Every structure is written in structure tokens, then in C-alpha cells.
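A closer look at the structure
Residue strings, one per chain:
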Amino acid sequence: MAMSTNMHAPNARANLKIPTSTTGSSSDSGTSQDHSPAHDSGPGQLPEEVYNSTLPWWRAAIRAHLLKAVARESPILARMQGHLRSPWLDNYFLYTSALGTHTFFMITLPLLFFFGYGEIGRGLVVVLASGVYFSSFIKDLFCSPRPFAPPVSRLTIGNHHLEYGFISTHSTNSVSIVLFIFSQVHRAYSEDSAISDVAYWISCAVLAIYAISIIFGRLYTGMHSFTDCGVGAALGAAVWAAYVMISDQLEDWLGSGSWSVPLTLVPACLLLVHYLPQPVDDCPCFEDAIAAASMVLGVLSAQWHMPYAGLDERLLDTVMPGGLGEAREWEWKVQWCSLAGAKIGIGILIIFIWRLLAKAVLRVVLPPVFRVLALWFDLPRRRFYTLATDFGDVQNGLHPISRRIDLPGLLEVSGANGDEYARDGVRKRGRNEAVKSTAGPDKAWGRGIRRRWRRAVRDGRGGNTMTWTLFISGIGFLSAEGIPVLFSLMGWGVKPW
């Protein structure tokens, strides 16, 4: 496993310093444009000789084909944006894109466990985390850039533009989640007759709108090409199909209480993290993959621990006061709603306290352990990361709240078309001024490259990979077992009715 410290991903404020440029990209022009990435300092756009000399021949060959697809599709996306873009659609696709991130799901999925939907929660975690892991794996494997800006106008909330383009994790997440939820809705409608015809068709319409909004939104905002989204959607469908085939066997295995469960899950998680490909650029996909694998480890370990520890499963079957039919009375409704709100608030508070304490403690405990291990073992190294033995010497290092659950407030418009949009800069939401680039495009591009290569020295964000694995696994374990059991013991119940 890569015992290293992440030294990249500048914070949101640093995005304001990214120089951007606009060159002749006109929506009504039929002339050909220069679609080279020479004026875009995003990941995947270092000089080609860097990738050819760093990547194995087969990765470089596949990347060359992907680069041709990006060059071919970028002007098409630019023309599409020229015809479709409007302030209302900009806001719609920007904000709905947050609903396709694993950050959003990592915040909302614990609620399923808090309210007794453990099997559905585990399925969603496995499907979502698998998509995030494999899409991050592919991104680092091929180092393919996003659509070139210019000619494309790239709109993004947060720092997703710091990742490679192929494939679209948003598309993978949206398709896998939609298929998973649809299978649950269809089962409730056709087999259990638990929902009406109207509810079923409304659910199907909402799921379709969600998937279309997320996938088409990645094209509209210039964040992904058609190839990125198409392959991402196919991966999402494959992940869901694979889960359907193994879900029953997986649940039986986890419920067996056998030691084969942790003895399989823990090494598998560490190996998945260790064997992630080395990227050429400083890309945060590594952190995404760690978070995905670690969350699965924590959630599945909790399901194994219940029967192993002899905990009465009826603890997770208790019903909240007011949920047994008496909720028609006004006072029971008030009590039920109050308890539901308290469960959400306290559950999330416990998770945040765990994050703070786990990171602080592990940052002190783990470096000496790694220094001792380094006396006998050659610890793995990862590009753009500091060895775990030097972890304690990093200035401004491990933040208690990581960027993976930050709620960023930035809207970046890069290379925008049309006078009604921000040009030549990055606009911070809530302000009217744009930060202009004072350098020419070539100098801005060169500084962007040097900035990415210097991040490893200048920035001390992120955390040791083992720290990430332990504390994110703890979040999964607390969400799936610890917090629901606590609610049951407090008399608050788990299931809503």
C-alpha cells in the first residue's frame, strides 16, 4: 500500500489564481479552430513527450487515441454551447452536477442506515464506491485531458477540473445509482405492490430526469467529452449489473460472522489502493479511490461485526416513536419529526467528531510506526506524495475536514463564449469582479504547468493514505452499525415505521 502524504489540491481560494484565456472561439463561426491544448493548463496537457517518456507504451498508445477524440469533440461541444447556453441553464447544470458527486452521496448515504435501510444503504455504497474506484483508476491510467478550453467554455463548481477527463465519474455514478434505485422501485411495484401506479411512474420520470441532467450537464458545462460520458455510463451499468449478480451471496457471506470476511476485506482494500496507477500529472483521483475503497471496507465490516459480536439484530429493527400507526395524532407527528431531525443532526455530528479526532490521533501515531517499519522495509513511493516517514514534518498538513466533503462555493468559467458571460478569468459566486490574467496565453500555460509540478512542495493538504483508509473506514462502520445501535439503545428507534 502506498504509504504517502498527499501534497496537492490547492484550496478553493487558490482557484482564483489560475490564469485563464479566451481565444477566437465563436459559436456562429464555421471556420476551423486550433484545438490544441496549448492555452489550457488543466491536467493531461503537459507536452506530449512527457507522457510518451513516462507512460508504458500501451498506456501512451491508448492515450493518443483518446487525445484525438478530445480534439475532435471539443469544437463540437463549443458549437453546442454557443447554441444552448443561457444563464438559467448555466445555473441548472452547475448545481445539479453536485447531485452526481460521491461527496453528495457520502453525506446522504449514512441517513439510510440511521433510518433502518441497511441493505439498501450497503448496496448503494458498494455500487457507488465501485464506480468511483474504477473511474479513478481509469483516469490515472490514461491521463486523458478534459475538452480543451478554449474552444470549450468550462464551468465547474469546486475543483473537479483538477482531475483527468476520461472517464466521467459523474456519468458512472448517475447511471449506477439510477439503475440501482429503479430496481428497488420496480421490485416494490411489481412484486410487493407497495407503491401505486402514479408513484411508480413519477419515480421513473424523476430518475430519468436525474440521469439526463447529470450526463448531459457534463457536456453542457464543457467538463467532459461524448466519449468520456459514454464510457462512464457504460461503466456505471456494468457496476450495477455485477452487483445484482453477487448481492445475495455477498449478504449471506457478510452475515455468516466468519473470520474470512475481515481477512478478505482488509487485504483487498489495501491492495486496491496500492495498485492504483501512477499518473503523470498531479491528479486527486488517488484520494477518491482511497475514499471509495475505505468506505466499502467500513460498511461491510459493520455488517460482519453484528453477528460476530453477538449483537441482537433486533436492535436495528426497533421503530421510532410515532411510527407504529399512532402518527396520525398531532403530538406523535411532532415527536416523530423531532426525533428524525435529532437523529440526522446527532449522527452527522458524531461523524464529524470522528473525523476530527481520528485525523488528529492518527497523524501523531502513524509516522513513528512508519519510521520503524522503514528500518526493515522499503515503503512504497508515489509521485507527488511525501513518504509517510516524513509525514509529521509537512507544514500545514492534514486538515481535520478534508476537501472530499468540503462544500465549495466557486464557479469557474474558463474560455467562455459570448459577452454576457465572464471572460478571461475566474468569477467567485457572489461577486461581480472577475480575476483577470495579466499574462499572455503561452506564459499563463507555462506557469500553470510549473504550478502543478510545484504543488507537491508548496501545499501540505490531504493526508497519509493509511490515515485516510482508517478514518474513512471508521465513518462507514459508525454509519452502518455504531450510530444506529446508539439510537436504538437511547430509545429513539431506527426504522421510521
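Since we're looking at a predicted model, the values are computed, not measured.

1. Structural notes on the overall build of the protein chain
Across its full length, the protein chain holds 13 helices and six strands. When the 497 residues of the protein chain are sorted by exposure, 53% land in the buried category. In the protein chain, the share of contacts with a sequence separation of at least 24, taken over all contacts with a separation of at least 6, comes to 83%. Accessible surface for the protein chain amounts to roughly 22,000 Å². Of this, 65% is attributable to carbon and sulfur atoms.

2. Here we look at the packing of aromatic side chains
Evaluated as defined, the whole model comprises 15 aromatic pairs. Aromatic side chains Tyr133 and Phe134 sit 5.4 Å apart centroid to centroid with 85° between the ring planes, which places their arrangement in the edge-to-face category. With a relative accessible area of 6%, Tyr133 lands in the buried category. When the centroid spacing of 6.2 Å and the interplanar angle of 40° are considered together, the rings of Tyr133 and Phe137 count as tilted. Of this pair, Tyr133 and Phe137 are both found in helix H5 (residues 118–142), four residues apart, which corresponds to roughly one turn of the helix. Through a chain of ring-to-ring contacts, three or more aromatic side chains come together here, namely Trp88, Tyr92, Phe93, Phe216 and Tyr220. Between Arg63 and the ring centre of Tyr51, over which it is positioned, the NZ or CZ distance is 3.7 Å. The ring centre of Phe115 lies 4.3 Å from the NZ or CZ of Lys343, which sits over that ring.

3. A closer look at the nonpolar core
Core analysis: the biggest nonpolar cluster contains 67 residues, and Val125, Met295 and Phe471 have the highest contact counts within it. Looking at which element gives the most residues to this core, the answer is helix H10 (residues 285–309), with 13 residues. Beyond its immediate stretch of four places on either side in the chain, Phe471 contacts Trp354, Arg355, Ala358, Lys359 and Leu362. Listed in part, the nine residues of the second largest apolar core include Leu46, Leu55, Tyr164 and Cys285.

4. Comments concerning the layout of surface pockets
Considered as a void within the structure, the largest pocket measures approximately 1,100 Å³ in volume. Lining of the largest pocket is provided by 38 residues; of these, Tyr117, Gly118, Glu119, Ile120 and Gln184 occupy positions nearest its centre. Mapped by element, the contributors of at least two residues to the lining of the largest pocket are helix H4 (102–114), H5, helix H6 (169–190), helix H8 (226–254), H10 and helix H13 (465–489). The biggest single contributor to the lining of the largest pocket is H6, with seven residues. Elements that contribute at least two residues to the lining of the second largest pocket include exactly H5, H8, helix H9 (260–274) and H10. Here the lining of the second largest pocket gets seven residues from one element, more than from any other, and that element is H8.

5. Remarks on the side chain of Glu251
Examined against the element boundaries, Glu251 turns out to sit in helix H8. Residue classification places Glu251 among the buried positions, given a relative accessible area of 14%. Not counting chain neighbours up to four residues away, the residues in contact with Glu251 comprise Glu119, Arg122 and Gln303.

6. A closer look at empty space enclosed by the protein
Considering all chains together, one arrives at six cavities of 30 Å³ or more under this definition. Taken as a whole, the second largest cavity spans an internal volume of roughly 150 Å³. Lining the second largest cavity are 17 residues, and of these Met106, Leu109, Val125, Leu128 and Met295 sit closest to its centre. At the level of elements, H4, H5, H10 and H13 are the ones that each hand at least two residues to the lining of the second largest cavity. Counting residues per element, the lining of the second largest cavity draws most heavily on H4, at six residues. Residues belonging to the lining of the second largest cavity are distributed by class as follows: 14 nonpolar, two polar and one charged.

7. A word on the confidence of the model for the protein chain
Model confidence for the protein chain is summarised by a mean pLDDT of 76, while 71% of its residues fall at 70 or above. Ranking the elements of the protein chain by mean pLDDT puts strand S6 (residues 434–436) last, at 30, and H8 first, at 95. Every residue in residues 1–38 is under pLDDT 50, and counting partners more than four places away or in other chains gives 119 contacts. Confidence drops under pLDDT 50 across residues 393–463; counting only partners more than four residues distant or on other chains, this segment forms 191 contacts.

8. Points about unusual backbone geometry
Look at the link from Ala149 to Pro150: it is a cis peptide, with omega at 0°. Structurally, Pro150 is set in the loop between H5 and strand S2 (154–157). Residue Pro150 is joined to Pro151 through a cis peptide bond whose omega torsion reads 10°. Mapping Pro151 onto the fold places it in the loop between H5 and S2. For Cys143, which is not glycine, the phi torsion reads 55° and is therefore positive. Tracing the sequence through the fold places Cys143 in the loop between H5 and S2. For Cys143, a relative accessible area of 0% corresponds to the buried category.

9. Side note on the pattern of salt bridges
Evaluation of the coordinates by the stated rule reveals five salt bridges. Between Glu251 and Arg122 there is a salt bridge, with its nearest N and O atoms 2.9 Å apart. Residue Glu251 is located in helix H8, and its partner Arg122 is located in helix H5; the two are separated by 129 residues in the primary sequence. Its salt-bridge partner being Lys495, residue Asp317 comes within 3.3 Å of it at the nearest N-O pair. Of this pair, Asp317 sits in the loop between H10 and helix H11 (330–373) while Lys495 sits in the segment after H13, and the two are 178 residues apart along the sequence. Using a relative accessible area of 41% as the deciding quantity, one classes Asp317 as partly exposed.

Scoring rules and cut-offs
- Residues numbered from 1 in each chain as written.
- Predicted model: local features only at pLDDT ≥ 70, side-chain atom pairs only at ≥ 80, totals over all residues.
- Heavy atoms only, no water.
- Helix = DSSP H or I, 4+ residues; strand = E, 2+ residues; numbered from the N terminus.
- Buried < 20%, exposed > 50% of the residue type's maximum accessible area, 1.4 Å probe, protein only.
- Contact = heavy atoms within 4.5 Å.
- Areas by Shrake-Rupley, 256 points an atom, 1.4 Å probe, with all protein chains shown as cover.
- Phe/Tyr/Trp six-rings, centres within 6.5 Å; stacked < 30°, edge-to-face > 60°.
- Lys NZ or Arg CZ within 6 Å of the ring centre and 35° of its normal.
- Core = buried A, V, L, I, M, F, W, Y, C linked by side-chain atoms within 4.5 Å.
- 1 Å grid on protein atoms, 1.4 Å probe; cavity = no way out; pocket = protein on both sides within 12 Å on 5 of 7 lines; lining within 4 Å.
- Points joined across faces, edges and corners; volume = space filled by probe spheres on them.
- Nonpolar A, V, L, I, M, F, W, Y, C, P; charged D, E, K, R; others polar.
- pLDDT = per-residue confidence, 0-100.
- Salt bridge = Lys/Arg side-chain N within 4 Å of Asp/Glu carboxyl O.

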